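One-letter residues, chain by chain:
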Amino acid sequence: MTTIGSVLEVSRRFVTILGSDNCIITGTGSSKTLEVVAGDVVSFERREGEIFVTAVEPSSRNLFRSTHGKLKKMGANIDGLFVITASGATFNPVVIDRMLVAAQVQAIPATLVVNKIDLGTEHLDEMVAVYRRIGVPVIFSSAKRGDGIDQIVSIVRAPSAQVLALCGVSGVGKSSILNKLIPGTRTKTGAVSEKTGQGKQTTTQPRGFLYEDPDASRPKIIIDLPGVQFFGLSHISLEQVGAAFQEIREVATRCRFGDCKHLKEPECAVKEAVDRGEIASWRYESYLQIVDEIRDARPSWRP
């Protein structure tokens, strides 16, 4: 008999699944060509006491990134993405913007979580205000002290949320926040280099953990995504990246040319808004970097 379940983790050909009866089982793919990631819904069946995944259901709200000329699916059916950053050297708006764009393209609601606020946040106030102004929810947290965890929990417990994901560069405290949300996960935490501001990667594969919501009949899945120092977006289109920057999208309607890319075109309302300080220059630089990456990419990279 064929049964449906949600993927928690994939390790080589082994797939860990949350079954429809809320039990966790492990099986293998019936075919080597089956590609699944955490969050995918799969069909599986028992054969002589063993579990075999037979099919992958169509998915939406998938998180992708480009890496080394290939498209990598990081998670599927994501109802909410927590973009985790931290006060201090690991606060990197370039990477944050890329993660927000990846979520926007797939219509995944994203929340920016600024962790380690015990280190101080005054130097981030201006940037955080920009994110809030363009509609990105921001939570200040400290996994060390417990600040902001209740706000994260309120999003996790939303009735519409079943699969959520934590995304961020190494060293921002994703694993520490996960340990606060689900005590006993025993995920590894890594220190941050004072010289580079980067952490040592402690998560190598997307892994889903179960969050027991007392108001839900089925556990929520929280996916801990591997820390990445570069979030490639060469697979999306120029139109998609322009639409993903809300402040650029709103001002672009005033550009002289309808297909303006806001690069060297005359009478570009976006560039004029940047010059006047209405659009943050660092957000515009993020946009330009992504545009350059897309233009340099081979067309075959794009789906």
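These remarks concern the structure in this document.

The rules behind the values
- Residues numbered from 1 in each chain as written.
- Predicted model: local features only at pLDDT ≥ 70, side-chain atom pairs only at ≥ 80, totals over all residues.
- Heavy atoms only, no water.
- Helix = DSSP H or I, 4+ residues; strand = E, 2+ residues; numbered from the N terminus.
- Rg over C-alpha atoms; globule rule 2.2 N^0.38 Å.
- Buried < 20%, exposed > 50% of the residue type's maximum accessible area, 1.4 Å probe, protein only.
- Lys, Arg positive; Asp, Glu negative; His and termini not counted.
- Charge placed at Lys NZ, Arg CZ, Asp CG, Glu CD.
- Axes fitted to C-alpha atoms, helices over the stretch in contact; angles between N-to-C directions.
- Left-handed = near helix turned anticlockwise from the far one by under 90°.
- Contact = heavy atoms within 4.5 Å.
- Nonpolar A, V, L, I, M, F, W, Y, C, P; charged D, E, K, R; others polar.
- Disulfide = S-S within 2.5 Å.
- Core = buried A, V, L, I, M, F, W, Y, C linked by side-chain atoms within 4.5 Å.
- Parallel < 35°, antiparallel > 145°, perpendicular 65-115°, else oblique.
- 1 Å grid on protein atoms, 1.4 Å probe; cavity = no way out; pocket = protein on both sides within 12 Å on 5 of 7 lines; lining within 4 Å.
- Points joined across faces, edges and corners; volume = space filled by probe spheres on them.
- Salt bridge = Lys/Arg side-chain N within 4 Å of Asp/Glu carboxyl O.
- Pairing = 2+ DSSP bridges.
- Arc of directions from axis to C-beta.
- Phe/Tyr/Trp six-rings, centres within 6.5 Å; stacked < 30°, edge-to-face > 60°.
- Polar contact = N/O pair within 3.5 Å; in protein donor to acceptor, adjacent residues only side chain to side chain.

Within the protein chain, the regular secondary structure consists of eight helices and 13 strands. Since a compact globule built from 303 residues should have a radius of gyration of about 19 Å, the 20 Å found for the protein chain is in line with a globular shape. Overall, the C-alpha framework of the protein chain stretches about 70 × 45 × 40 Å when taken along its three principal axes. Buried positions account for 52% of the 303 residues belonging to the protein chain. Within the protein chain, one finds 37 positive and 34 negative side-chain charges whose respective centroids are separated by 5 Å.

This paragraph deals with the packing of helix 1 (residues 93-105) against helix 8 (residues 281-296). Direction vectors running N to C along helix 1 and helix 8 enclose 65 degrees, while the axes themselves pass 10 Å from each other. Viewed along their axes, helix 1 and helix 8 form a crossing whose handedness is right-handed. Every residue of helix 8 that contacts helix 1 at Pro93, Val94, Asp97, Arg98 and Val101 is listed here: Trp282, Arg283, Ser286, Gln289, Ile290 and Glu293. For the contact of helix 1 with helix 8, the per-class residue count stands at five nonpolar, two polar and four charged.

Throughout this description, disulfide means a covalent bond between two cysteine sulfur atoms. Taken as a whole and judged by the stated rule, the model has zero disulfides. The closest cysteine sulfur to the non-disulfide-bonded Cys268 is located on Cys260, 3.8 Å from its own sulfur. Of the residues examined, Cys268 reaches a relative accessible area of 2% and is grouped as buried.

A few words now on the nonpolar core. The biggest cluster of nonpolar side chains holds 82 residues, and the ones touching the most others in it are Leu63, Leu81, Tyr131, Ile152 and Phe231. Setting aside residues no more than four positions away along its own chain, Leu63 makes contact with Lys72, Lys73, Met74, Gly75, Ile78, Leu81, Ala102, Ala103, Ile108, Cys167, Leu225 and Phe231. The next biggest cluster of nonpolar side chains, apart from the first, holds nine residues, and it includes Val7, Ile17, Val42 and Ile51.

So, on to the packing of helix 3 (residues 149-156) against helix 4 (residues 174-181). Packing of helix 3 against helix 4 leaves a shortest axis separation of 11 Å and a crossing angle of 70 degrees. By the criterion of interaxial angle, the relationship of helix 3 to helix 4 is roughly perpendicular. Of the residues in helix 4, those touching helix 3 at Ile149, Ile152 and Val153 are Ile177, Lys180 and Leu181. Considering only residue class, the contact of helix 3 with helix 4 consists of five nonpolar, no polar and one charged.

In this section: the layout of surface pockets. Considered as a void within the structure, the largest pocket measures approximately 500 Å³ in volume. Along its surface, the largest pocket is lined by 18 residues, and Val10, Leu34, Glu35, Val36 and Val37 are the ones closest to its centre. Considered class by class, the residues forming the lining of the largest pocket number nine nonpolar, three polar and six charged.

Applying the stated criterion to the full structure yields twelve salt bridges. For Arg276, the salt bridge is made with Glu278, and the minimal N-O distance between the two is 2.8 Å. Exposure remark for Arg276: the relative accessible area of 48% places this residue in the partly exposed category. Judged by relative accessible area, which is 46%, Glu278 ranks as partly exposed. Salt bridges sharing partners connect three or more residues here, namely Asp97, Glu247 and Arg283.

With four of five residues buried, strand 12 (residues 207-211) is to be regarded as a mostly interior element. In terms of strand pairing, strand 12 meets strand 13 (residues 220-224) through five bridges, oriented antiparallel. When the bridges of strand 13 are listed, Tyr211 appears paired with Lys220.

Every buried residue of helix 2 (residues 125-133) is accounted for by Val128, Val130 and Tyr131. Taken down its axis, helix 2 places every buried residue within 155 degrees of arc, on the same side. With respect to the buried face of helix 2, the exposed residues turned more than 90 degrees away are Glu126 and Arg133. On its buried face, helix 2 is in contact with helix 1, strand 9 (110-115), strand 10 (138-140) and helix 8.

Moving on: the packing of aromatic side chains. The full count for this structure, using the stated rule, is three aromatic pairs. Seen in terms of ring centroids, Tyr284 and Tyr287 are 6.2 Å apart; in terms of plane orientation they differ by 20 degrees. Their pairing is stacked. Of this pair, Tyr284 and Tyr287 both sit in helix 8, three residues apart, which is roughly one turn of that helix. We classify Tyr284 as buried; its relative accessible area is 10%.

Further remarks concern helix 4. Within helix 4, the full set of buried residues consists of Lys174, Ser175, Ile177, Leu178 and Leu181. The buried residues of helix 4 occupy one face: seen down the axis, they fall within an arc of 160 degrees. Packed against the buried residues of helix 4 are strand 8 (80-86), strand 9, helix 3, strand 11 (163-167), strand 12 and strand 13.

In this section: the environment of Asp97. Here Asp97 is to be found in helix 1. Assessed through its relative accessible area of 0%, Asp97 is described here as buried. In this structure, Asp97 is in contact with Tyr131, Phe245, Trp282, Arg283 and Ser286, ignoring residues within four places of it in sequence. Here the side chain of Asp97 touches Arg283 through a polar contact of 2.8 Å, side chain to side chain.

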